[in-house]
Structures are given as C-alpha cells and as structure tokens.
Amino acid sequence: MKRLALLATLLFPAGLLAGTLKVVATTPDLADIAGQIGGSAARVECLSKGFQDPHFVESKPSLILKLMDADVFIETGLELEVGWAPLLVQGSRNLRIQPAAPGFLDASKSITPLEVPQNPNRSMGDVHPGGNPHYLTDPENSRIVAREISDKFGELAPGDAAVFQKNLKEFEARLDENLARWNAAMAPYKGTRFVSYHKNLLYFADRFGLIPVGEIEPKPGIPPTARHTEDLIALMKAQKVPLVLTQPFYESRTPNFLADQTGAALVTFAMGPDGAPGVKSYFESVDHNVRAIAAAMAKGEK
Amino acid sequence: MRFHKLRYIFFAGLAAAWAAPAWAAAPANALNPKISLIGDFVGQTGTKNQTDDGFAVREIELGFQAEVDPYAKADVFIGSLDDKGHAPELEEAYVTLPALPYGIQARGGKFRVNFGRLNGTHSHEYPQVDTPLVLTSFLGEEGMDSTGVELSRVFNPFGVYTEATYAVLHDLGDTQTPPNVVDQVKDVNGNIVNVQAAQDEATTPQRGRNFAQVGKVRFYQDITDTTNLDLGLSGAVRRPEGLDQRQLAAVDLTFRWKPLAQGVYHSFTWRSEALYSRNKLVETLDAITQKESQPAATVNARGAYSYVEAQPAMRWRFGVREDYFEDPDNRVASAPHITRAVSPYITFTLTEFNRFRIQYERKRSPENGTENLGFFQWTIVLGPHGAHPF
C-alpha cells in the first residue's frame, strides 16, 4: 500500500492532490456513476454511446485524444472491451492509465461474476472467460462499482477524498430509494419468462426474479439462423413466454418476427444512458427498463 | 507439543487458503504470454504459366504477446510456416515502451514498418486476398519490415489527431533488392555469362550512412459521429555509400462510414494509397574485365491502388480494387513498364475467427499480357481475442 501511494505521488502532479480529476470511462453507465461520485471534483468523459454495442466500439484515433491527459481510465472489465480499449490505452501514451498504473480501474474487480465458463472454448461462441460482463444491469452492482470508484478517486486525489465519500453516501441513498421502488414495481412479475437477443440480462433477471429461457443468438456473438428462430418460437409458445427484450444495437427484424409469431411483448432494454430515447442517466436507464417491462406485462394481462 | 504445532499450522493454512484473495486463485499459467495462431489457406487459378495455380497453406502465423513488466510489452510473430517447405521466419519481434516521458512511445526490434497504410498490418488482415500490386512491387513480397528503433508521438493541433512516427532501421527490408542488376563474367571455357551483381552488404563495407530512415505523419479527423477521414504522408530513404540508393514516398487517404447504433451490420470504406519510388543505381563493373557492365541510372516509378468496400449485412462485404504501377526494377525500358488490374471481391465473415473470401482479378502486364485470375481464401484465428486495429 505504501508502495502504491509512493507510485501515485510520483505519477500524479502535486496540483492534482486537491484539483479536478480527468476521468475517462468506456461505457456511459460507468461514466454516469463516476460523474455522480466525482461531482465537481472530477471531469468525466465517455468513449462510447449507450446505443452502441459495447463489444464492438471502433478504436478511433479521436478517442485516443480523450485519453492522452486522463488521470483515471475506467473499464467494465471481464473482457467486455477487449476488442477496442487496449489499443486506445496503449495509443494514448499516457503512463498514468496503463494497465499496471494506479489510474487504471477495472470496475469488475469486486463483482461476483455470473456464468463463468468452466472450460471456455470458441465452440461456445464469443464467450468471456472471466464471466458475463453485463453486471451493471443489476443496479445492486452499481453500489460495488461506485465504492470502487470512490476508493480510486480518493487514492488519486486525497485532497478531495471527503467529497467523494460524501457523494458515495448520497449515491447509495438514491440507489436504496430507487431499489425499493424498482423491487416493488417488479414484484408482481417475478417468475416471468423472457427471451433476450444476447445473453446480457442475466444479472437483471437474477435481481428481479425473471427467468431467461433463451436468446435470439444461437450462441454469444453468432447471428440468428432460421432454424434457431423456429426452435425459439416453438419454445416460447410451449412455455408461454410473454416477453422479448432487445437493444437498439441489434437488428430489429428477428425480435419483431418473434413477437409477431408468439404474441410476446417486445421491449427495448436500455443498457445505460442513451440506451433508449430520453434516458440520460444510469438510474434513468434502470427506471426505463422497469417501467417498460411492467407496462408491457400489465398490457399483456389485460 | 509438536502435534499441536502441526495442527496449528494445518488449520492456519486451511484458513489462509479459504480466505485467500481472488488473485491467489489465478491459474499458474496466468503469466504466460497470450498465444495465437492464424492460418491462411488460399487457392489461385488463371496465372499465365500455371505454376502458381492450385491450393496452398500460404501461412501459419504463430503469435506470442505479453507484458514484459509495468513499462514494456513484447510481441513476437513467427510466420511463413507454409506448405512449400519454406523455413519458419521471424516475421516480427519487438518490444514496445508505450508511455515514455513527453508522450513518446518507442518500439525496438524487428517489425513491419509504419510506412503507408497497409504495410504496418499483417497480410492476412488485408481487405483482399492478394496484396495491392504496387505494394508487392515497391515494398517486396513480404512488405517493408526491418530491424531498428521507432519513436512516435501524438499531437492535437486544433483538435485533429496527428501522429508523427520516425524510425531508424537496418535497411528497408526487401525493397532494396536490385533484381535486374547483373555482372558479366567469363566462365571456365572463356564464355561471357551474366551473374547477379555483388551488391549485398556481405561484400560491401558498412558505412555510417547505411541506416535507413522512415517517417510518417498521420492525420485523423471525425467528420461526423459516423464518418471520418484518415490521411497519411510517409517517406523512406536509404543511401548506403557505394550501393544502390532508394527513396520512397507514399500518400494514403481513407474515408469510412459506420453507424454507431448498428455498426456491426453496415459500413463503407474507400481507401487509396499512392507510392513514388526513386532508385538511384550505381555503376556496376565486370568482375574480370573491370569494364562497365551496368551504367549508373536513376529509375523513377509511380504506383497506386484504390478500393471501395461496402458491408450491407453483418457477415457480407463486397468490394472492388483497382491497381496501377510502373515497375521500379525495370531499368532498361525507356517507356514505363506498366501493370494495371481490377479486382472485385466478396468477403464472408462467419465469425470474427473464421473468414472466407473470393476474388477475381483482371490483370494486364507487359510480361504476361492479360490474365484472368481467381482467388479463394480461408482464414482462421485460434487463441485469445485480440484488439482490432483501426
């Protein structure tokens, strides 16, 4: 710990001890949480949009410019951004945010990942060997991430540590308040079966008691085939699955076809800020998802 | 007493193991380099002499990549493991220092030189089955690779990404082979025969100016969230005393369109690269008669390629490439030795790790006249997911 503190002191300019941290996050949900924790003591930028597939963001040189003078780089981890973020970090030539440096934060490090494959191989599709990386669909995991971010900010800018702690407390209070509301809104739909486009809603399902019965992709990263879609329709009819969840970065033809064929409600699930029209923050994205699912289920019951 | 001590150690060990932090559970091979293997299987038909027709494993490339320590990263690629009996060849082996003071990045070792647009990437990542003809002609079959040191830095004038790269290299790879240079010598019967001129470093004293120098400036700008322009200006020079001297220049321009929301389904790319070569050839004397067998000459040549590629669906890409080049090795002909070609192609990407491609090429060259070539390519990737270069 002493060594870490010494390294941080060497790498970070003295003015930063009570200044404004420049933070760059890979995805809008992380950026929003970082913004809530950093408050006025941090300036947060994001490398992607909420309606972009976080697996396939292009490593454009213009994104490198954002990282060149960053003090902190935050990634989702569990290899979600493995196809693009490493090139940006290396291309930034910024020693403060290289993987071994104090300014590099893998937000997944205290998360308990779901779906960790025992013997991962490519016949399983594009699997993540460390586990499913879409853990922020469970709002309870945002508490763990917020604590990690607060600790990291406090370590790098000890002069503002009290501000970060205060912001963390306020964040957790808002989260608790919202969680109570979300739990109440989703309680009637516990046990609801659903189909999603990609296997990215397991954490959300786990939190609110929904049951995933299948995905539109036959395997992670593999586009749907006619045969698989037919099988899925048969499965949905047999199990009376009332809900199809998708995201704006996937093609809409197959989810629409599934909904048409089975009578299931089709809901666009926001993966974070900008993940659906009018959604501007992480809490709003969870709010949108809960409301949209509850509304679709209530409509189905009528 | 001893029993109690052992029992204490046993339970303490058990407790420590149970309470071990997550990193303690990392597998023993966690620090091993990432190993990848890329296989490139190609088929070709329609060549004039038919010697190159048929199927072949063009290359098996073995890659090892790992962090050396907190400050350096190493990349090693062993290539040319083909089915034609060629010996394995060290394609690249370099160490990168990603973040030196003043925002400088350095790499040293053997690497594909950052010259032009495509030369820095491996051939199996090229957008077509064959390498653009001007690159093969000007930079050699394997492209410009060499051993040396490269420094680069990114600037941000007026919000434009500007990357400057400068390298000092042992040579310019295969680009300086003078294939048409011959010496005339007498054989044992007194007959005059042509032999390859002795111009390689093995027979020529090394001088201080033997190093090659390569520089590139790259400008990148987003036009909108979905479109961008990429411009590169490159130059390479090698002026060894007493040997042929080579200067190369390249301009590359790329326009890209890719929607943010459904970028995996649609894209469009237009890329062009133009090269200029200046070969200053030294006078070559006959080994025995000491008479001039090849006069000093300067050969200038130009060449370019341009292609457009559209992706209408997740797995499909359709494109067409046009090639033009003047042969920089043809020093005899007074008129430029021009080759032209046009090559439509289709790429089917089953997954990121498994790709098929077919290509037709109509090529017109002074040596072979008009050729109608057909290509097939199947490329597979084994190993961990790597980042996609932009």
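Criteria and cut-off values
- Residues numbered from 1 in each chain as written.
- Chains lettered and ligands numbered in written order.
- Predicted model: local features only at pLDDT ≥ 70, side-chain atom pairs only at ≥ 80, totals over all residues.
- Helix = DSSP H or I, 4+ residues; strand = E, 2+ residues; numbered from the N terminus.
- Buried ≥ 20, exposed ≤ 12 C-beta atoms within 10 Å, placed from the backbone.
- Contact = placed C-beta atoms within 7 Å.
- Nonpolar A, V, L, I, M, F, W, Y, C, P; charged D, E, K, R; others polar.
- Pairing = 2+ DSSP bridges.
- Axes fitted to C-alpha atoms, helices over the stretch in contact; angles between N-to-C directions.
- Parallel < 35°, antiparallel > 145°, perpendicular 65-115°, else oblique.
- Left-handed = near helix turned anticlockwise from the far one by under 90°.
- Core = buried A, V, L, I, M, F, W, Y, C linked by C-beta atoms within 7 Å.
- pLDDT = per-residue confidence, 0-100.
- Domains from an automatic or database assignment.

1. Some points on the overall build of chain A
- Scanning chain A from N- to C-terminus turns up ten helices and eight strands.
- Taken along its principal axes, the extent of the C-alpha atoms in chain A is 65 × 40 × 35 Å.
- Evaluated residue by residue, chain A yields a buried proportion of 50% over its 302 residues.
- Once local pairs closer than 6 in sequence are excluded, the contacts in chain A between residues at least 24 apart make up 63%.

2. With respect to the interface of chain A and chain B
- Of the residues lining the interface, 32 residues belong to chain A; the matching set on chain B comes to 27 residues.
- Sorting the residues of the side of chain A that touches chain B by element identifies helix 3 (61-67) and helix 4 (85-91) of chain A as the ones contributing at least two each.
- Looking at the side of chain A that touches chain B element by element, the count peaks at four residues for helix 3 of chain A.
- Looking at the side of chain A that touches chain B, its residues break down into 16 nonpolar, eight polar and eight charged.

3. Observations regarding the sheet that holds strand 2 (residues 42-46) of chain A
All names here are of chain A.
- Sheet architecture is open: four strands sit in the order 2-1-3-4, paired in parallel fashion. What marks the edges here is a single partner per strand, and that holds for strand 2 and strand 4 (104-106). Within the sheet, the average angular offset between the axes of one strand and its neighbour, ignoring direction, is 20°.
- Bridging between strand 3 (residues 72-75) and strand 4 involves three bridges; their strand directions are parallel.

4. Details of the sheet that holds strand 6 (residues 211-215) of chain A
All names here are of chain A.
- Ordered by their spatial adjacency, four strands build an open sheet running 6-5-7-8, and the pairing between neighbours is parallel. If you trace the sheet from one side to the other, it starts and ends with strand 6 and strand 8 (265-268), each paired once. Each strand axis lies, on average, 30° off the axis of its neighbour in the sheet, ignoring direction.
- Bridge count between strand 5 (residues 193-196) and strand 6: four bridges; the pairing is parallel. Directly across from Ser196, in strand 6, lies its bridge partner Glu215.
- Packing of helix 8 (residues 226-239) onto the sheet brings it into contact with strand 5 and strand 6, and relative to strand 6 it is tilted by some 155°.

5. Brief notes about unusual backbone geometry
- Phi at Glu115(A) takes a positive value of approximately 55°, unusual for a residue other than glycine.
- If you trace the backbone, Glu115(A) turns up in the loop between strand 4 and helix 5 (139-156).
- Notably, Tyr102(B) is not glycine yet its phi reads approximately 65°, a positive angle.
- With respect to the secondary-structure elements, Tyr102(B) resides in the loop between strand 4 (89-100) and strand 5 (104-112).

6. Observations regarding the packing of helix 2 (residues 28-38) of chain A against helix 5 of chain A
Residues and elements named next belong to chain A.
- At a minimum axis separation of 9 Å, helix 2 and helix 5 run at an interaxial angle of 55°. It follows that helix 2 is oblique to helix 5 by the angle criterion. Seen from above, helix 2 lies across helix 5 with right-handed handedness. From helix 2, Ile33, Ala34, Ile37 and Gly38 reach across to helix 5, where they touch Ser142, Val145, Ala146, Ile149, Ser150 and Phe153.
- Residues of the contact of helix 2 with helix 5, tallied by class, amount to seven nonpolar, three polar and no charged.

7. Focus: the nonpolar core
- Counting 83 residues, the largest nonpolar core has Val23(A), Ala34(A) and Ile74(A) as the members making the most contacts within it.
- No other element matches the seven residues that helix 6 (residues 161-186) of chain A contributes to this core.
- Non-local contacts of Val23(A), meaning those with residues more than four positions away in its chain, are made with Ala34(A), Gly38(A), Ala42(A), Arg43(A), Val44(A), Ala70(A), Asp71(A), Val72(A) and Ile74(A).
- One finds Phe111(B), Phe138(B), Ala167(B) and Ala212(B) within the second-largest nonpolar core, a separate group that totals 23 residues.

8. Section: the confidence of the model for chain B
Residues and elements named next belong to chain B.
- The share of residues in chain B with pLDDT of 70 or more is 79%, and the mean pLDDT across the chain is 84.
- Within the model, pLDDT remains below 50 along residues 1-24, and this stretch shows one contact once partners closer than five positions in the same chain are excluded.
- Within the model, pLDDT remains below 50 along residues 177-182, and this stretch shows 18 contacts once partners closer than five positions in the same chain are excluded.
- Reported confidences for the modelled complex are a pTM of 0.86 and an ipTM of 0.88.

9. Notes on the domain arrangement of chain A
All names here are of chain A.
- Considered domain by domain, chain A is made up of domain 1 (2-179) and domain 2 (183-301).
- On a C-alpha basis, the centres of domain 1 and domain 2 stand 27 Å from each other.
- The interface is formed by 28 residues belonging to domain 1 together with 26 residues belonging to domain 2.
- Going through the elements one at a time, helix 2, helix 5 and helix 6 are the ones with two or more residues in the side of domain 1 that touches domain 2.
- Across the side of domain 1 that touches domain 2, the residue classes break down as nine nonpolar, ten polar and nine charged.

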